[in-house]
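Residues per chain, in single letters:
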Amino acid sequence: RAVAGSSLIFILGFSVVFGAMGASASAVGSFLNAYRSILFKIAGVIIILFGLYLLGLLKFDFLQREHKFKPRFTPGYGSSFLFGASFAVGWTPCVGAVLGTILTLAVTQPGSAVSLLLAYSLGLGIPFLLVGLFTSQAAHLIARSARVIHGISIASGILLIVLGILVFTNSLSRIA
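Rules used in this analysis
- Residues numbered from 1 in each chain as written.
- Predicted model: local features only at pLDDT ≥ 70, side-chain atom pairs only at ≥ 80, totals over all residues.
- Heavy atoms only, no water.
- Helix = DSSP H or I, 4+ residues; strand = E, 2+ residues; numbered from the N terminus.
- Buried < 20%, exposed > 50% of the residue type's maximum accessible area, 1.4 Å probe, protein only.
- Contact = heavy atoms within 4.5 Å.
- Areas by Shrake-Rupley, 256 points an atom, 1.4 Å probe, with all protein chains shown as cover.
- Phe/Tyr/Trp six-rings, centres within 6.5 Å; stacked < 30°, edge-to-face > 60°.
- Lys NZ or Arg CZ within 6 Å of the ring centre and 35° of its normal.
- Polar contact = N/O pair within 3.5 Å; in protein donor to acceptor, adjacent residues only side chain to side chain.
- Axes fitted to C-alpha atoms, helices over the stretch in contact; angles between N-to-C directions.
- Parallel < 35°, antiparallel > 145°, perpendicular 65-115°, else oblique.
- Left-handed = near helix turned anticlockwise from the far one by under 90°.
- Nonpolar A, V, L, I, M, F, W, Y, C, P; charged D, E, K, R; others polar.
- Patch = residues over 30% accessible without salt bridge, like charges linked within 9 Å, V, L, I, M, F, W, Y side chains within 5 Å.
- Salt bridge = Lys/Arg side-chain N within 4 Å of Asp/Glu carboxyl O.

### Considering the overall build of the protein
Okay, step 1: Across its full length, the protein carries nine helices and zero strands.
Okay, step 2: Along the protein, helices (α) and strands (β) appear in the sequence α-α-α-α-α-α-α-α-α when read from the amino end.
Okay, step 3: Counting the 176 residues in the protein, one finds 35% classified as buried.
Okay, step 4: Across the protein, every contact between residues at least 6 apart in sequence was considered, and the portion connecting residues at least 24 apart equals 83%.
Okay, step 5: Accessible surface computed for the protein: about 11200 Å², of which carbon and sulfur atoms make up 71%.

Here you go:
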């Protein structure tokens, strides 16, 4: 129960940070509404670039860097929340392509930011919760899943490229 509770609070921590990022992107999008057609072009190109990054066709140094620090903390729900918030900030480069796409969509379609980031946080949080609930079994599964993760990255890259083209051509509403 303690691990599951801490996992939930950890998820809440990064969800709050991602939500704040989405609200900020949405506010920027609302402010720049007069430049909507230009925003769609820029956003489409950014999303396509993120897709090419996930496919391994482009490398962005800022998404490749890793910075480590060793925090001192007292175990508990407060530290779980802070660790989750820190995770959101620190791992943004690791989840940058998909998160960047969602934030870019939030700029071009401000009303979608909350639902997109909620879905993103749930998608990112559920595996953390499952690992927290089944810690010993998860270690073995994670070690065996490298090929599957690579396949998911390729599929995500292709999906982002298609999404980028739809945003660039202002055709995203057709699939909605």
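Picking up where we left off.
### A closer look at the packing of aromatic side chains
Okay, step 1: Under the criterion given, the structure shown has one aromatic pair.
Okay, step 2: Aromatic side chains Phe 10 and Phe 14 sit 5.6 Å apart centroid to centroid with 80 degrees between the ring planes, which places their arrangement in the edge-to-face category. Remark: Phe 14 and Phe 10 occur in helix 1 (residues 2-31); sequence separation between them is four residues, near one turn of the helix. The pair formed by Phe 10 and Phe 14 is uniform in burial state, with each residue classed as buried.
Okay, step 3: One cation-aromatic arrangement involves Lys 41 over Phe 168; the distance from NZ or CZ to the ring centre is 4.6 Å.

### Quick notes on the environment of Phe 10
Okay, step 1: Under the relative-accessibility criterion, Phe 10 is labelled buried at 10%.
Okay, step 2: Residues Phe 10 and Gly 84 lie 74 residues apart in sequence; the distance between their C-alpha atoms is 4.3 Å.
Okay, step 3: Excluding its chain neighbours within four sequence positions, the residues that come into contact with Phe 10 are Ser 80, Phe 83, Gly 84, Phe 87 and Phe 128.

### Describing the environment of Ser 171
Okay, step 1: With respect to the secondary-structure elements, Ser 171 resides in the loop between helix 8 (146-168) and helix 9 (172-175).
Okay, step 2: A distance of 2.9 Å separates polar atoms of two side chains, one belonging to Ser 171 and the other to Thr 169.

### Some remarks on the packing of helix 1 against helix 6 (residues 113-133)
Okay, step 1: It is at 9 Å that the axes of helix 1 and helix 6 come closest, and there the two elements cross at 160 degrees. When the interaxial angle is binned, helix 1 and helix 6 end up roughly antiparallel. In this structure, helix 1 crosses over helix 6, and the sense of that crossing is right-handed. In this structure, helix 1 uses Val 3, Ala 4, Ser 7, Leu 8, Phe 10, Ile 11, Phe 14, Ser 15, Phe 18, Gly 22 and Ser 26 to contact helix 6, whose residues at the interface are Ala 113, Leu 117, Tyr 120, Ser 121, Leu 124, Gly 125, Phe 128, Leu 129, Gly 132 and Leu 133.
Okay, step 2: A class-by-class count of the residues in the contact of helix 1 with helix 6 yields 14 nonpolar, seven polar and no charged.

### Looking at a nonpolar patch on the surface
Okay, step 1: On the surface, a cluster of nonpolar side chains totalling about 580 Å² of accessible area is made up of Leu 118, Leu 122, Ile 126, Leu 130, Leu 133 and Phe 134.
Okay, step 2: Turning to its location among the elements, Leu 122 is positioned in helix 6.

### Some remarks on the packing of helix 2 (residues 36-54) against helix 8
Okay, step 1: Between helix 2 and helix 8, the least distance of the axes is 7 Å, while the angle of their chain directions is 165 degrees. Viewed along their axes, helix 2 and helix 8 adopt a mutual orientation that is roughly antiparallel. Seen along the crossing, helix 2 lies across helix 8 with a hand that is left-handed. For the pair helix 2 and helix 8, contact is made by Phe 40, Lys 41, Ala 43, Gly 44, Val 45, Ile 47, Ile 48, Phe 50, Gly 51, Leu 52 and Leu 54 and by Ser 153, Ser 156, Gly 157, Leu 160, Ile 161, Leu 163, Gly 164, Ile 165, Val 167 and Phe 168, respectively.
Okay, step 2: Along the lines of polarity and charge, the residues of the contact of helix 2 with helix 8 split into 14 nonpolar, six polar and one charged.

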